[in-house]
Amino acid sequence: MACGNTYSGHSQRVIPNNYMTNHTSFCQEDAARESNLPFQRIFEAQPRLILLLEPDLTIQGATDAYLEETLTAREEIMGKHIFDVFPDNLKGAAGSSTSGIFASIEQVLATGQPHKLDVIRYDIPDPTCAGEFLERYWSTIHTPVLGEGGAITCIIHETANVTEREKAKRQLQESQEREQDALAQADQQRIRLERLFEQAPAALAMLEGPQLVFGVVNKAYQQLFPGRQLQGLPLFEALPELKNQPIDDIIRKVYATGETFEGKEVLVPMYRSEGQPLEDIYWSFIYQALYDAQGQVNGILIFALDVTDFVLARRVAEKSAEVLQTLNQELEERVARRTTALQQAQAGAEKQKIRLERLFMDAPAAICILDGPTMVFELVNPIYQQLFPGRELLGKPILEALPEIADNTVYETFRRVYETGITHEEQEMFIPLARPQDGVLEDRYFKYIQQARYNELGQIDGILVLAFEVTEQVKARRAVEASARQLQLITDSLPVLIGYLDKEEKYRFANKAYETWFPFKAESLLGRPVLDVIGEKAYQNVKGYIDRALAGQQLDFEATMPYKDGFIKHIQTSYVPDVQNGQIEGFYTLVTDVTEQVEARLALQQSEHEAKAIAEELATANEELRMANQQLTHTNADLDNFIYTASHDLKAPISNIEMLMEELLLELPQESLQAPEIKSILQMIKGAIDRFRKTIDHLTEITKLQKDHLSETKLVSLEQTVQEVMLDMEQGIQKVGAQIEVAVRNCPQIPFSEKNLRSIVYNLLSNALKYHHPDRKPEIKVSCHQEAEYLVLTVQDNGLGLSAAQQEKLFSMFRRFHDHVEGSGIGLYMVKRMVDNAGGKIEVDSEKGQGSTFRVFLLQEV
């Protein structure tokens, strides 16, 4: 985490290229080591949701709040690509969320400037259900962190979970749309009702208030009383003849009880027009109560028909009466639906208002709403009030409640948002505020968002504010930066190489001393693998130590490091594992140049060796040894003759050699036998006799193999032979954990002794297993190909390999068996003899420490 403690909001910063935990790797006092630990904890404990990304989008750090919000664990995401941890939800409706994030980061890398994304939907994996995702909305900004050279060392990915806000906005929008639909439908119903009133073939009128004033009168109703003024007059003033008639009691009862009354063919004497006599008129009518928003009766709907003619001609009017009844029912249903829709729209709007207020008041962030151009605090939730203890905010203009911000940039941004409607966001706004107890100004820092609020006409009428106080985080970051700068100064002044390697073996810290050894600036080493810096040969010399350090082992060792041609260093090194929460995150390195001391020690050892060799060369054999050698000349000749004879008669008894030895002992003077030189020669002769015995046994075996090859030659399968040998060697293969790759499926059958072929394969595989490299798992490849008249069997391993001197010794052993030293290739010698006898040959390629390749050329025709 090369820059985890250097976060400085969303402005560019040139920061020291070291990580805060490096301080603990080189300061030897425990107190110094412990003092730096809180800075990392402070970073991880920040309430903001922050990821630290490498330019290749590898995750290098995360705050606890980010892990909690994204339902992830630090050990599961560290060192991984961000899109491997948070892939696209292919089942969701969000489209490619990663493309938006990637485009933003690309812009940051290209411009070196911060970039803020609009709110996006980016679902996160559901840890409780594999393959499923949880719907999330985020407000995200990417900020580059620049090194001293201006290069981007990492990217700060800061985000905020605005899911609830977006869902609330969506729900509010949906609710508003439903309300608008309801109101539109209600308005449409109103228009339809008015049209129905006006165009209905029946007489309709609406009486309003307890005085039953004619509020609405349709044309048909007015035509019942031509020339009479109805509109705007109380019922009994416009139609006084109804007074004291049954209609008077009926209509007042409907108003008092809300119970609908339906009259059929009721006789009501009335004046048709002014100056006309009373007429007996039969009416079919409905009196229906009308209600206000509180459910109180506030009028009566009159549906009236003059049915005088129908009564007089009932039979003719029956059908018309049925149509009228149907119309009455439809009218009632429409009126009922309109009333219900209006009531539901009003209730929904009120419910949404209450819900939105509760959402603001219960939100875990500081929220307030400022109303009007003077920005009066209309709503202040508890967390926002806690930012200003002892101050009365609600109902006051912002400059009255917080007068000290009048000359601060924050008030300018408030005015700009109110005037332009453009949302404004700050990450670390410095706002000095007075303490309520003594009025002293305190330095405080806030992160906030100011967003315009619009009324139903689309005009700005207020500002919504979402705020967080980040004073403690800013102070902590500045303290960490100061500590980091001090650590860099200390380590740069030391004459040793001090570094830190992470779990991927990449440098996360390097002091200035590295620049004297390698052609890199110290800061440019950060993020580079150690292999790329020190080279392959030097890396192989310390790879084993690196693995042990990453396994948690503290090491002190010396090594010779061939960094490049002509540049070799002898180093004394300490590796100290970095253990955090029980996990190995990397290790600290302390490298001291001891080249001069080592070269002086080697020069001394070489001088001692040369002196010893000179002393040995000066030790010459005395005269007694010379006489003993003359005495042994005859014996050696006899032994040579015997060996020659024994090689042609493999069954000759070995006891003859021992008898010659006994005769030799009898012939030599007793005092000569006590001389050290004579004893050494006798021991050499005895050893030779033992080797001769083994040689004769081996020659006998070789002769038998030759006979077997001549008598048992037939077409054999190389693939089947290899499989059978591997089955015989299964325990040995499993014991060393060897991986054997066999590619002989397409090899043709060859004329060869089946027993000899098995022996060849067995000896080659056994040799590869026996001399495997102790620092790596054995890997053996068995293959074949055709070359001229030969089928070439190849056995390649990654074992110890042979130096040039060892290869020469092996070839010499092939040429002269009596030069063979026990344990270094008796099996290979037998392989050589069997292949030679069959008209083939063996080639060997080997490199010390890398492995060996044996190629056996077998004739395909006998």
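Since this is a predicted model, take the numbers as computed values, not measurements. (Residues numbered from 1 in each chain as written. Predicted model: local features only at pLDDT ≥ 70, side-chain atom pairs only at ≥ 80, totals over all residues. Heavy atoms only, no water.)

Attention shifts here to the overall build of the protein. Regarding its fold elements, the protein presents 28 helices and 32 strands. Counting all 862 residues of the protein, 44% fall into the buried class. Partitioning the intrachain contacts of the protein with sequence separation of at least 6 by distance along the chain shows that 53% fall at a separation of at least 24. When the accessible surface of the protein is summed, it comes to about 46500 Å², and 52% of that surface belongs to carbon and sulfur atoms. (Helix = DSSP H or I, 4+ residues; strand = E, 2+ residues; numbered from the N terminus. Buried < 20%, exposed > 50% of the residue type's maximum accessible area, 1.4 Å probe, protein only. Contact = heavy atoms within 4.5 Å. Areas by Shrake-Rupley, 256 points an atom, 1.4 Å probe, with all protein chains shown as cover.)

The next thing to look at is the pattern of salt bridges. With the rule as written, the count across this model stands at 36 salt bridges. With its nearest N and O atoms 3.9 Å apart, the salt bridge here joins Arg48 to Glu158. One end of the pair, Arg48, is in the loop between helix 2 (30-45) and strand 1 (49-53); the other, Glu158, is in strand 8 (residues 152-161), with 110 residues separating them in the sequence. Taking the shortest distance from any N to any O, the salt bridge between Asp123 and Arg121 comes out at 3.0 Å. Its relative accessible area of 2% is what places Asp123 among the buried residues. Taking the relative accessible area as the measure of exposure, Arg121 reaches 22% and is therefore partly exposed. In this structure, a network of salt bridges that share partners links the residues Asp371, Glu378, Arg453 and Asp461. (Salt bridge = Lys/Arg side-chain N within 4 Å of Asp/Glu carboxyl O.)

Looking now at the packing of aromatic side chains. Counting across every chain of the model gives 22 aromatic pairs. With centroids separated by 6.0 Å and ring planes inclined at 35°, the aromatic side chains of Phe261 and Phe285 adopt a geometry described as tilted. Here Phe261 is found in strand 11 (residues 261-271), whereas its partner Phe285 is found in strand 12 (residues 278-291), with 24 residues between them in sequence. Judged by relative accessible area, which is 30%, Phe261 ranks as partly exposed. (Phe/Tyr/Trp six-rings, centres within 6.5 Å; stacked < 30°, edge-to-face > 60°.)

Moving on: the nonpolar core. Judged by nonpolar contacts, the single largest core of 36 residues is most densely connected at Leu718, Phe752, Ile760, Leu765, Ile780, Val782 and Val856. Among the elements that take part in this core, helix 26 (residues 754-770) stands out by supplying seven residues, more than any other. (Core = buried A, V, L, I, M, F, W, Y, C linked by side-chain atoms within 4.5 Å.)

A few words on helix 24 (residues 718-728). All of the buried residues along helix 24 are Leu718, Thr721, Val722 and Val725. Along helix 24, the residues classed as buried sweep out an arc of 100° about the axis, all on the same side. (Arc of directions from axis to C-beta.)

Turning our eyes to something else, we now look at the environment of Ile302. Looking at where Ile302 falls in the secondary structure, it is placed in strand 13 (residues 297-306). Owing to a relative accessible area of 2%, Ile302 belongs among the buried residues under this scheme. Residues Ile302 and Ile251, 51 residues apart in the sequence, show an inter-C-alpha distance of 9.6 Å.

Here the focus is the sheet that holds strand 25 (residues 583-593). Overall, antiparallel pairing links the five strands, which are arranged 22-21-25-24-23 in an open sheet. At either end of the open sheet lies a strand with only one pairing partner, and these are strand 22 (507-510) and strand 23 (555-564). Taken over all neighbouring pairs, the strand axes of this sheet differ in orientation by 30° on average, direction set aside. Strand direction decides the pairing type here: strand 23 and strand 24 (residues 567-580), joined by nine bridges, are antiparallel. In the sheet register, Leu555 faces strand 24, and the bridge partner there is Tyr575. Docked against the sheet, helix 18 (residues 536-550) engages strand 21 (497-502), strand 23, strand 24 and strand 25, running at close to 155° with respect to strand 23. (Pairing = 2+ DSSP bridges. Axes fitted to C-alpha atoms, helices over the stretch in contact; angles between N-to-C directions.)

Moving on, we get to the packing of helix 24 against helix 26. Interaxial distance between helix 24 and helix 26 falls to 9 Å at its minimum, and their mutual angle equals 55°. Classified by the angle between their axes, helix 24 and helix 26 sit oblique to one another. The chirality of how helix 24 crosses helix 26 is right-handed. For the pair helix 24 and helix 26, contact is made by Leu718, Thr721, Val722, Glu724, Val725, Met726 and Asp728 and by Leu757, Arg758, Val761, Tyr762 and Leu765, respectively. Residues that form the contact of helix 24 with helix 26 fall into these classes: eight nonpolar, one polar and three charged. (Parallel < 35°, antiparallel > 145°, perpendicular 65-115°, else oblique. Left-handed = near helix turned anticlockwise from the far one by under 90°. Nonpolar A, V, L, I, M, F, W, Y, C, P; charged D, E, K, R; others polar.)

Note on placement: Gln597 falls in helix 19 (residues 595-618). Residue class for Gln597 comes out partly exposed when judged on its relative accessible area of 48%. Between the C-alpha atom of Gln597 and that of Ile571, which follows or precedes it by 26 residues, the distance is 10.0 Å.

Spatially, five strands are ordered 27-29-30-32-31 in an open sheet, and the strand pairing comes out mixed. Of all the strands in the sheet, just strand 27 (739-743) and strand 31 (841-847) have a single pairing partner and so form its edges. Pairwise comparison of adjacent strand axes, ignoring direction, gives a mean angle of 15° for this sheet. Strand direction decides the pairing type here: strand 30 (residues 790-797) and strand 32 (residues 851-859), joined by seven bridges, are antiparallel. Considered in strand 32, the bridge of Tyr790 is made with Leu859.

The subject of this paragraph is the side chain of Thr853. Among the structural elements, Thr853 can be located in strand 32. Exposure remark for Thr853: the relative accessible area of 14% places this residue in the buried category.

Within the secondary structure layout, Ile50 lies in strand 1. Counting along the chain gives 16 residues from Ile50 to Tyr66, while the straight-line C-alpha distance between them is 5.9 Å.

The subject of this paragraph is the state of the cysteines. By definition, a disulfide is the covalent link that joins the sulfur atoms of two cysteine residues. Using the criterion set out here, one finds one disulfide in the structure. In this model Cys747 forms its disulfide with Cys784; the gap between the sulfur atoms is 1.4 Å. Disulfide Cys747 to Cys784: torsion about the S-S bond roughly -90°, handedness left-handed. Of this pair, Cys747 sits in the loop between strand 27 and strand 28 (750-753) while Cys784 sits in strand 29 (residues 779-787), and the two are 37 residues apart along the sequence. (Disulfide = S-S within 2.5 Å.)

As a further point, take the side chain of His570. In this fold, His570 is placed in strand 24. Ignoring sequence-local partners within four residues, the contact set of His570 consists of Ala559, Thr560, Thr592, Asp593, Val594, Thr595, Val598 and Glu599.

Right, let's talk about the pairing of strand 31 for a bit. Residue alternation in strand 31 divides its side chains into a buried set, Ile842, Val844 and Ser846, and an unburied set, Lys841, Glu843, Asp845 and Glu847. Two strands pair when backbone bridges link them, and strand 31 and strand 32 are joined in this way by seven bridges, in the antiparallel orientation. Directly across from Glu847, in strand 32, lies its bridge partner Gly851. Between strand 31 and strand 32, which follow one another and run antiparallel, lie three residues, and Gly849 among them has a positive phi close to 85°.

Bringing unusual backbone geometry into the picture now. Unusually for a residue other than glycine, Asn244 sits at a positive phi of about 70°. Here Asn244 is to be found in the loop between helix 9 (235-238) and helix 10 (246-257). Judged by relative accessible area, which is 73%, Asn244 ranks as exposed. Its identity is not glycine, yet Asn581 carries a phi of approximately 55°, on the positive side. Take Asn581: it is sitting in the loop between strand 24 and strand 25. Given a relative accessible area of 77%, Asn581 falls into the exposed group.

Spatial relationships are all this shows, so hold off on functional conclusions.
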